[in-house]
Each structure stands twice: as C-alpha cells, then as structure tokens.
Amino acid sequence: METNNDKKLTVVLGASPNPERYSNLAVNRLKAKGHPVVAIGKRAAAIGDTPVITAHPPLEKVDTVTMYLNPGGTERIL
C-alpha cells in the first residue's frame with residue numbers, strides 16, 4: 001500500500017470503532033493531522049472514514065506501528 005503524500009504510514013494494531021478506546025483516538029488524531037493510517041482490528045468496522053480491517057496485508061513504507069492489544073491479542077499478531 002502506497003500513499004500519495006509525504007507523510008509516513010502508521011499502522012494501528014488493535015483498532016476499535018469504540019470511541020472510548022485509545023486506538024480509536026489515535027486513528028482519529030492521526031487522520032486529523034493528515035497522516036495515512038492502516039487500522040487493523042479484531043472485527044471489521046470503521047473509524048470515521050477509515051476502515052478497520054482484520055487481515056494483515058503486506059505493507060510498504062511503514063514508519064510507525066502502534067499496538068493497542070492485551071497480552072492475548074499479541075499472541076494472535078506475533
């Protein structure tokens with residue numbers, strides 16, 4: 001996945017459509033600042049206009065990965 005701007009891609013693992021979750025806040029704030037974001041979560045959903053996907057596609061030019069996972073969630077990812 002490539003971006004059309006100069007800002008670097010951030011991947012949010014454990015993304016949640018629940019507005020009370022920090023992952024949701026992170027996605028919204030990153031998008032508000034114009035950063036490209038890939039949100040990966042347990043269930044397909046959306047955070048605003050950002051889809052939360054369940055697959056882990058190969059990504060290129062990733063600058064930052066943020067993880068909002070409990071210990072059980074990390075076993076699924078790693």
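Here goes a summary of the coordinates provided. (Residues numbered from 1 in each chain as written. Predicted model: local features only at pLDDT ≥ 70, side-chain atom pairs only at ≥ 80, totals over all residues. Heavy atoms only, no water.)

### A few points about the overall build of the chain
Tallying secondary structure elements over the chain gives two helices and five strands in all. Helices and strands in the chain line up, N terminus first, as β-α-β-β-β-β-α. Relative to its 78 residues, the chain shows a buried fraction of 29%. When contacts within the chain are restricted to residue pairs at least 6 apart in sequence, those whose partners lie at least 24 apart make up 58%. (Helix = DSSP H or I, 4+ residues; strand = E, 2+ residues; numbered from the N terminus. Buried < 20%, exposed > 50% of the residue type's maximum accessible area, 1.4 Å probe, protein only. Contact = heavy atoms within 4.5 Å.)

### Some words on the environment of Asp 63
Tracing the backbone through its elements, the reader meets Asp 63 in strand E5 (residues 62-67). Residue class for Asp 63 comes out partly exposed when judged on its relative accessible area of 46%. Through-space distance from the C-alpha of Asp 63 to that of Leu 9 is 5.5 Å; in sequence the pair is 54 residues apart. Contacts of Asp 63, omitting those with residues within four sequence positions, involve Lys 8 and Leu 9.

### Considering the sheet that holds strand E4 (residues 50-53)
Strand order in the open sheet formed by five strands is E3-E4-E2-E1-E5, and the pairing between neighbours is mixed. At either end of the open sheet lies a strand with only one pairing partner, and these are strand E3 (45-47) and E5. Here the average twist between neighbouring strands, direction ignored, is 30°. With three bridges joining them, E3 and E4 adopt antiparallel strand pairing. For Ile 47, the partnering residue across the bridge sits in E4 and is Thr 50. (Pairing = 2+ DSSP bridges. Axes fitted to C-alpha atoms, helices over the stretch in contact; angles between N-to-C directions.)

### A word on unusual backbone geometry
Phi is positive for Lys 61, which is not a glycine, with a value near 60°. When you line up the elements, Lys 61 lands in the loop between E4 and E5.

### What to know about the nonpolar core
One recurring pattern in soluble globular proteins is that nonpolar side chains are buried together. Formed by Val 12, Ala 15, Val 27, Val 37, Ala 39, Ile 47 and Val 52, the largest nonpolar core amounts to seven residues. Apart from residues lying up to four places away in sequence, Val 37 is in contact with Leu 9, Thr 10, Val 12, Val 27, Leu 30, Lys 31 and Thr 50. Counting five residues, the second-largest nonpolar core is a separate cluster that includes Val 11, Leu 13, Val 38 and Ile 40. (Core = buried A, V, L, I, M, F, W, Y, C linked by side-chain atoms within 4.5 Å.)

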